[in-house]
Every structure is written in structure tokens, then in C-alpha cells.
Amino acid sequence: MFINSWSWQDIDIVGSTNDVIKKSKDKGRQIVSAKKQINGRGRRGRSWESLLGNLFVSFGMELDINLLGQVIMIVGLSLQETIKSISDGSQSVLLKWPNDVLLNNKKVSGILLERSDQDYLVIGIGVNTEKSPKIDGLIYPATSLKEEGIEIDRLSFLKLYVDFFDNNLNIWEKLGFEDIKERWLANVKDLNQKIEIREDSGIKSGKFVGIDDNGFLLIENNGTVERIMAGDVL
Ligand code: BT5
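Since this is a predicted model, take the numbers as computed values, not measurements.

The rules behind the values
- Residues numbered from 1 in each chain as written.
- Predicted model: local features only at pLDDT ≥ 70, side-chain atom pairs only at ≥ 80, totals over all residues.
- Heavy atoms only, no water.
- Salt bridge = Lys/Arg side-chain N within 4 Å of Asp/Glu carboxyl O.
- Helix = DSSP H or I, 4+ residues; strand = E, 2+ residues; numbered from the N terminus.
- Buried < 20%, exposed > 50% of the residue type's maximum accessible area, 1.4 Å probe, protein only.
- Near = heavy atom within 4 Å.
- Polar contact = N/O pair within 3.5 Å; in protein donor to acceptor, adjacent residues only side chain to side chain.
- Areas by Shrake-Rupley, 256 points an atom, 1.4 Å probe, with all protein chains shown as cover.
- Axes fitted to C-alpha atoms, helices over the stretch in contact; angles between N-to-C directions.
- Parallel < 35°, antiparallel > 145°, perpendicular 65-115°, else oblique.
- Left-handed = near helix turned anticlockwise from the far one by under 90°.
- Contact = heavy atoms within 4.5 Å.
- Nonpolar A, V, L, I, M, F, W, Y, C, P; charged D, E, K, R; others polar.

## Details of the pattern of salt bridges
The tally for this structure, following the rule as stated, stands at 21 salt bridges. Between Glu 173 and Arg 29 there is a salt bridge, and its shortest N-O distance comes to 3.8 Å. Note that Glu 173 is positioned in helix α3 (residues 154-175) and Arg 29 in the loop between α1 (17-23) and β3 (30-37), a separation of 144 residues in sequence. Of the residues examined, Arg 29 reaches a relative accessible area of 33% and is grouped as partly exposed. Here Asp 232 and Arg 43 are joined by a salt bridge, their closest N and O atoms 2.7 Å apart. A residue pair is termed long-range when its members are at least 10 positions apart, and Asp 232 in strand β13 (residues 232-233) and Arg 43 in the loop between β3 and β4 (55-62) qualify at 189 residues.

## Some thoughts on the site of the ligand
Among the 26 residues in the neighbourhood of the ligand, the closest are listed as Ser 16, Arg 41, Arg 46, Asn 128 and Leu 138. A distance of 2.8 Å separates a nitrogen atom of the ligand from a polar atom in the side chain of Asn 128. For the ligand, the accessible surface in isolation is 800 Å², of which the surrounding protein chains cover 93%. Where the shell around the ligand is concerned, the elements lending two or more residues are α1, β4, β7 (106-115) and β8 (120-127). Ranked by the residues each element gives to the shell around the ligand, the list is headed by β7, at 4 residues.

## Here's the deal with the packing of helix α2 (residues 68-86) against helix α4 (residues 178-186)
Running from amino to carboxyl end, α2 crosses α4 at an angle of 50°, the nearest separation of the two axes being 10 Å. With respect to their mutual orientation, α2 and α4 come out oblique. Crossing handedness for the pair α2 and α4: left-handed. Seen from α2, the contacting residues are Met 73, Ile 74, Leu 77 and Glu 81; seen from α4, they are Ile 180, Arg 183 and Trp 184. The residue makeup of the contact of α2 with α4, split by class, is 5 nonpolar, no polar and 2 charged.

## Digging into the side chain of Lys 181
Along the chain, Lys 181 turns up in helix α4. Judged by its relative accessible area of 15%, Lys 181 falls in the buried class. With sequence-adjacent residues up to four places away left out, Lys 181 is seen in contact with Ile 211, Asp 212 and Asp 213.

## A short note on the packing of α3 against α4
Put simply, α3 and α4 touch, their axes get as near as 8 Å, and they point 130° apart. It follows from the interaxial angle that α3 and α4 lie oblique. Packed against α3, whose contacting residues are Asn 168, Ile 171 and Trp 172, the element α4 presents Asp 179, Ile 180 and Arg 183 at the interface. In terms of residue class, the contact of α3 with α4 is made up of 3 nonpolar, 1 polar and 2 charged.

This is the structure in C-alpha cells:
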């Protein structure tokens, strides 16, 4: 099967859709989605609660690894735009660095980027289309599209997402990163506000002034701008 020019398979049950792509010999553009995922993971060894009816999907594509940071932003922006396009305008749909999408200030999706070979990228996306898990102690509580009043089944959402993603990849290939970056910044939470970031080394704070061409977060303190490469915005 295909979605646009991506080869696509929808599998009944997987450990993690990212692993299916990592193990595949195919190095073309491919999509693997699953009805049921039993071992979904997040970043930094965290897990992704994969409730039945939600979307679990991974994309595999060749990519010059130097451009990874830009593609992370394209993936998140496309997700934000997809959700915005099906919302009725009453919901807030915002990005949170590096690539969460917050729906009414709650986490509705997550993105996990991994590499299989040197230049082969695996993009895993989880979207709570139906249900959200009840997890205590989260920075942002979880929600689902349905719980916020947006009705769409997982595969219709996937097809719509691929349209937005393809369109943004085309724009990026033709015009470069600038347009993507502008739209990303126009839809991000807390731009020009003071934020706190939890890094492995501790907590940093500063005014969130933008991102650079690697997708790194820029924060400013007393006129000095610092780049943050990885962490969680609190
Ligand atoms: C992410 O990690 O948000 C990336 C999640 C990627 C999941 C997809 S599903 C398809 C593909 N296959 C995989 O195995 N993974 C990808 P991170 O930023 O580390 O956030 C993880 C944290 O979000 C957890 O520690 C929980 O606190 C919270 N969480 C877990 N499941 C959630 C859910 N369903 N909805 C909202 N929050 C969740």
C-alpha cells in the first residue's frame, strides 16, 4: 500500500513501530503503523503508553544527518498544523520545544527520532487520537483529540499528516529552513517568555528567544544567548 509516495504497511501488533523500520532492509521512504503497540518508547529511556485506538506510526527516510535538527522541526510543525486543521478554532494547538504538540496545554502527541544506519532516519510519532493515559506527576497532563472534542480515526489522521509533512518537506527542499523556522516560531508556546529547561546537568532558565538552524533552543540572560541542545522545557 502507499500513502502519497511512501510505501506503507499497517501491522496488527508490534513491539515498537520504530523497531520494525530499524530492522527493515528497505532504505526507501516507508511508513509503518500499528493497531496495537506493546512496547512503545519515548526519549531518554521513557515509555510511551500506547492505548488501543490511538495512532502509533514510524517513518523511515534517507537524510543527510547534518540536517537532522531541521527535520525534527518539520515533523513537529507538520503535526501541529495537522491538528490545527481539524480543530474548530476553539482549541489552542501549540508546539513545545523540541517537538511536543500541546492541545489546550496538554500533551496529545510525542515524537521520537532515531537512526538506523548512518544516513537513515526513523521518525516515530504517537498521537492520542482516542484515549489518553492517566499518569501522575507529568509536567503536562495527557489528553487525546477526542477528549478535546476533535473526532478523527487514527488512519485518517495519518493520511492527513502525510499531506502536511510532504508539503513541508517540499517547501524545505525548495526554499530552505527559513520559512519552516518562521512558522515553527509563530506557533510555539512561551516565545519571549522566561522558561526553565531540565538538562542532564541540571536546570537552566532564561528568556526563550528562538531556535537556530540546527533546531537548538536559544535562551538569553543579560544579553548573552546560549544554545541548548537537549532537554525538557518545564
Ligand atoms: C515522546 O517522548 O513523547 C516520544 C513518544 C514517541 C512515541 C511513538 S509511538 C510510535 C513510535 N514507536 C515507539 O516506540 N515510539 C514512537 P518523551 O518526550 O520522552 O515523553 C515521554 C513521556 O510522556 C513519558 O515519560 C510520560 O510521562 C508521557 N507519556 C507517556 N505516554 C503518553 C501518552 N500516550 N500521552 C501523553 N503523554 C504520555
